[in-house]
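Single-letter residue listing:
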Amino acid sequence: MTQEDKISFKSMMDTLTTLYQKQTLDQDTLRVWFYKLERFEFNQVTKAFDKWINQSRFMPTPSDILTLIKEKPIEYAKIEPPKLSQLENKKHADKLLGIINEKMPQEDKKLKSMRAWAHKIIANPKNYPSISLEFAKEAINAK
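Residues numbered from 1 in each chain as written. Predicted model: local features only at pLDDT ≥ 70, side-chain atom pairs only at ≥ 80, totals over all residues. Heavy atoms only, no water.

Novice: Before we move on, can you summarise the overall build of the protein with the specific residues and values?
Specialist: Per the secondary structure count, the protein includes eight helices and zero strands. Moving toward the C terminus, one meets the helices and strands of the protein in the order α-α-α-α-α-α-α-α. Viewed in the frame of its principal axes, the protein has a C-alpha envelope of about 90 × 45 × 25 Å. Looking at the protein residue by residue over its 143 residues, the buried ones come to 22%. The contacts in the protein between residues at least 6 apart in sequence include a share of 50% that link residues at least 24 apart. Here the protein contributes 25 positively and 19 negatively charged side chains, and the mean placements of these two sets differ by 11 Å. (Helix = DSSP H or I, 4+ residues; strand = E, 2+ residues; numbered from the N terminus. Buried < 20%, exposed > 50% of the residue type's maximum accessible area, 1.4 Å probe, protein only. Contact = heavy atoms within 4.5 Å. Lys, Arg positive; Asp, Glu negative; His and termini not counted. Charge placed at Lys NZ, Arg CZ, Asp CG, Glu CD.)

What follows is the structure in structure tokens.
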């Protein structure tokens, strides 16, 4: 912050004390605050105060504001999606399906079909509630 920012800083601190229903800070306390924060840009300091007000119901200390100023935002790197031809894409999809089928338990392999559950219910109607039998018949258009 520069010497020109002192007036704005004092105004911001007065607003802060009003928001937190505290007494206006005396000149010495304001000097300590300014001394601790003067190495940062005024914009950084105001953003830190704004963030503090949004997240806390207690009056901040200089240390609280310094912590917020020094906090680095998370930066995410944008990764371009791989450019695959349809043939390469199909090759990778088939490979993945092969791995899935290889790892799938034997029972699940038998039930791969979307309607395999219906055939299983119809084959053993006494093992299932009547509503399950109705839904199974409806799923495969059986009578």
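Novice: Which residues make up unusual backbone geometry, and what values go with them?
Specialist: Its identity as a non-glycine residue notwithstanding, Gln-21 has a phi of 55°, on the positive side. Here Gln-21 shows up in the loop between helix 1 (5–19) and helix 2 (27–37). Residue Gln-21 is classed as exposed on the basis of its relative accessible area of 73%.

Novice: So, a nonpolar patch on the surface: which residues are in play, and what are the values?
Specialist: Together, Leu-96, Leu-97 and Ile-100 line one region of the surface with nonpolar side chains, adding up to about 280 Å² of accessible area. Structurally, Leu-97 is set in helix 5 (residues 86–103). (Patch = residues over 30% accessible without salt bridge, like charges linked within 9 Å, V, L, I, M, F, W, Y side chains within 5 Å. Areas by Shrake-Rupley, 256 points an atom, 1.4 Å probe, with all protein chains shown as cover. Salt bridge = Lys/Arg side-chain N within 4 Å of Asp/Glu carboxyl O.)

All we've got here are geometric facts, nothing functional implied.
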